[in-house]
Amino acid sequence: GDYHQKIDYVFKVVLIGDSAVGKTQLLARFARNEFSLDSKATIGVEFQTKTLIIDNKTIKAQIWDTAGQERYRAVTSAYYRGAVGAMLVYDMTKRQSFDHMVRWLEELRGHADQNIVIMLIGNKCDLGSLRAVPMEDAEEVAQRENLFFMETSALESTNVETCFLTILTEIYRIH
Ligand code: GDP
Ligand code: MG
């Protein structure tokens, strides 16, 4: 059973982006298939793991969630250390959280490994009528900065599995 499962790779992936964009709920949905509407601000550095099979290899994804340190430059370098992937999350109903992506990218590129795989995520796509960020704006940033891009809903489970699988498959491909 699980006890003797052989792990081929452990990949650290960090979640970053403004407070309240849905990072914690994306992780809860992916790791435990849970969602909460009144999630409290994350306290303490936390990560969750999920083991999955890609190309017949057993991969343990270690996904880190910010400790409510989303203020600019407050995330410490320890958080980024060893990360091979990053999910840059904004709230597609909050323009400001998207405009801050340039800062988060700058911070990420300053701390992280050269060939870190980055995915831009527009979360809360279930709130389509409140959209404040056109998809084309995000696609343009993604193309210019060489990022993967997807819109997700942690609430409705839209693209959550897919975005994690996509980034982990790319990480596996280049390692
Ligand atoms: P974090 O600060 O980035 O970790 O954000 P949280 O995961 O704590 O989420 C902040 C708020 O947005 C909470 O009230 C969540 O329930 C809500 N939320 C998160 N993801 C979604 C989503 O996909 N759709 C909707 N409608 N609300 C979401
Ligand atoms: Mg959080």
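Residues numbered from 1 in each chain as written. Chains lettered and ligands numbered in written order. Predicted model: local features only at pLDDT ≥ 70, side-chain atom pairs only at ≥ 80, totals over all residues. Heavy atoms only, no water.

- The chain has a UniProt comment under Subcellular location (unreviewed entry) that states "Endomembrane system".
- Per UniProt, the chain carries the Sequence similarities (unreviewed entry) text "Belongs to the small GTPase superfamily. Rab family." (UniProt positions renumbered as here; feature names shortened; annotations may be inferred.)

### Re the packing of helix H1 (residues 23-32) against helix H6 (residues 160-174)
Phase 1: At their nearest, the axes of H1 and H6 sit 9 Å apart, and the two run at 85° to each other. Comparing the axis directions of H1 and H6 gives the class roughly perpendicular. Of H6, the residues touching H1 (which contributes Leu26, Arg29 and Phe30) are Val160, Glu161, Phe164 and Leu168.
Phase 2: Within the contact of H1 with H6, the residues separate by chemical class into five nonpolar, no polar and two charged. (Axes fitted to C-alpha atoms, helices over the stretch in contact; angles between N-to-C directions. Helix = DSSP H or I, 4+ residues; strand = E, 2+ residues; numbered from the N terminus. Parallel < 35°, antiparallel > 145°, perpendicular 65-115°, else oblique. Contact = heavy atoms within 4.5 Å. Nonpolar A, V, L, I, M, F, W, Y, C, P; charged D, E, K, R; others polar.)

### Some remarks on the sheet that holds strand E1 (residues 9-16)
Phase 1: With respect to topology, six strands assemble into an open sheet ordered E2-E3-E1-E4-E5-E6, the strand pairing being mixed. Looking at which strands have only one partner, the edges of the open sheet turn out to be strand E2 (46-54) and strand E6 (148-151). Averaged over all neighbouring strand pairs, the angle between strand axes comes to 25°, with direction disregarded.
Phase 2: Along the sheet, helix H4 (residues 101-111) contacts E1, strand E4 (85-91) and strand E5 (117-123); its crossing angle with E4, the most-contacted strand, is approximately 165°. (Pairing = 2+ DSSP bridges.)

### Observations regarding the packing of aromatic side chains
Phase 1: This model, assessed by the stated rule, comprises seven aromatic pairs.
Phase 2: Between Tyr9 and Tyr172, the aromatic rings sit 5.7 Å apart at their centres with planes inclined by 80°, giving edge-to-face as the arrangement. In this pair, Tyr9 sits in strand E1 while Tyr172 sits in helix H6, placing the two residues 163 residues apart along the sequence.
Phase 3: Tyr172 sits in the buried class, given a relative accessible area of 16%.
Phase 4: Summarising the aromatic geometry, the rings of Trp64 and Tyr79 are spaced 6.2 Å apart at their centres and angled 80° between planes, so their arrangement reads as edge-to-face. Of this pair, Trp64 sits in strand E3 (residues 57-65) while Tyr79 sits in helix H2 (residues 77-80), placing them 15 residues apart in sequence.
Phase 5: Among the residues examined, Trp64 registers a relative accessible area of 15% and is labelled buried.
Phase 6: Take Tyr79: its relative accessible area is 2%, and that puts it in the buried class.
Phase 7: In this structure an aromatic cluster arises from ring pairing among Phe47, Trp64, Tyr79 and Tyr80.
Phase 8: Above the face of the Trp64 ring, Lys12 is positioned so that its terminal group lies 3.9 Å from the ring centre.
Phase 9: Over the face of the ring belonging to Phe30 we find Lys50, whose NZ or CZ atom lies 4.8 Å from the ring centre. (Phe/Tyr/Trp six-rings, centres within 6.5 Å; stacked < 30°, edge-to-face > 60°. Buried < 20%, exposed > 50% of the residue type's maximum accessible area, 1.4 Å probe, protein only. Lys NZ or Arg CZ within 6 Å of the ring centre and 35° of its normal.)

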